[in-house]
Amino acid sequence: MAYRKLGRTSDQRKALLRTQVTQLLYHGKIVTTEARAKEVRKFAEKLIAMAVREKDNYEEVVVKAKVPRKDADGKRVKEVVDGKRKTVYDEVDKTIKKDLPSRLHARRQMLKVLYPVTSSETKRQDEKIVTSNKKKDKKKIDMVAKMFDEVAPKYVSRNGGYTRIVKLGQRRGDGAMQVIIELV
């Protein structure tokens, strides 16, 4: 299968395409050049098709889990055992989704392409949007779970054609055609 080299070495090209596919699926649309958008479309369409195919391919299993007991302030309850402070745990039943083999394979195929995404919490202060850079304010987003739970249900009734490319015009610096690639 022929592909565009995009004027980059293979490792740079793979990294660029992985980043753009991840951002497209996370944000829903990105602005890029036409050549890049056409390459990103190939990856994105395959991932979405895989998610649609495997979205209901799991079984729910009830497991026992140890959860730390918390007080009224939300802090862990500790008790002294043999002179040491230890956290008190409660056993609870949790229902988890256990992937069947084909969904697990699809999950791993997606993880080969998608980069991990961390989002920072944004707060509004006096009509200024403040983004915190503290580690505690950032949370990891499971892109594969998002694909199965949010993206795939939107496209169940659709057979392909999950993305749209809209031309914006030429870029000022080098005259490259700028486009928006977005999820339909």
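Predicted, not measured: the structure shown is a model, and the values here were computed from it.

K.L.:
Before we go on, may I ask you to explain the overall build of the chain in this structure?
P.N.:
A tally of regular secondary structure across the chain gives 4 helices and 11 strands. A compact globule built from 184 residues would reach a C-alpha radius of gyration of about 16 Å, whereas the chain, at 22 Å, exceeds it by more than 25%. When the backbone C-alpha atoms are referred to their principal axes, the chain occupies close to 70 × 45 × 35 Å. Burial analysis of the chain (184 residues in total) assigns 30% to the buried set. Sequence-distant contacts in the chain: of pairs separated by 6 or more residues, those separated by 24 or more amount to 60%. With the model as given, the accessible surface of the chain reaches about 13000 Å², and the carbon-plus-sulfur share is 48%. Where the 47 positive side-chain charges of the chain centre and where its 25 negative ones centre are 7 Å apart.

K.L.:
In this structure, what is going on with the packing of helix α2 (residues 34–54) against helix α4 (residues 143–154)? I would like to understand it.
P.N.:
Helix-helix packing: each pair is described by the crossing angle between the helix axes and the interaxial distance. Two elements in contact, α2 and α4, have axes separated by 9 Å at closest approach and are oriented at 95°. Our classification of the angle between α2 and α4 gives roughly perpendicular. Taken together, the residues of α4 that come into contact with α2 (itself represented by Leu 47, Ile 48, Ala 51, Val 52 and Glu 54) are Met 147, Phe 148, Val 151 and Ala 152. Looking at the contact of α2 with α4 residue by residue, the class counts come to 8 nonpolar, no polar and 1 charged.

K.L.:
Sorry, what's going on with the environment of Val 40 here?
P.N.:
Its location among the elements puts Val 40 in helix α2. For the pair Val 40 and Lys 134, spaced 94 residues apart in sequence, the C-alpha to C-alpha distance is 32 Å. Among all residues touching Val 40, those that are not within four sequence positions of it are Leu 17, Gln 20, Val 21, Leu 24 and Ile 181.

K.L.:
When you look at the pairing of strand β3 (residues 78–81) in this model, what are you seeing that I'm missing?
P.N.:
Successive residues of a regular strand alternate their side chains across the two faces of the sheet. Sheet topology places β3 next to strand β4 (residues 84–87); 4 bridges connect them, and they run antiparallel. Counted as the bridge partner of Lys 78 is Thr 87 from β4.

Cut-offs and rules
Residues numbered from 1 in each chain as written. Predicted model: local features only at pLDDT ≥ 70, side-chain atom pairs only at ≥ 80, totals over all residues. Heavy atoms only, no water. Helix = DSSP H or I, 4+ residues; strand = E, 2+ residues; numbered from the N terminus. Rg over C-alpha atoms; globule rule 2.2 N^0.38 Å. Buried < 20%, exposed > 50% of the residue type's maximum accessible area, 1.4 Å probe, protein only. Contact = heavy atoms within 4.5 Å. Areas by Shrake-Rupley, 256 points an atom, 1.4 Å probe, with all protein chains shown as cover. Lys, Arg positive; Asp, Glu negative; His and termini not counted. Charge placed at Lys NZ, Arg CZ, Asp CG, Glu CD. Axes fitted to C-alpha atoms, helices over the stretch in contact; angles between N-to-C directions. Parallel < 35°, antiparallel > 145°, perpendicular 65-115°, else oblique. Nonpolar A, V, L, I, M, F, W, Y, C, P; charged D, E, K, R; others polar. Pairing = 2+ DSSP bridges.

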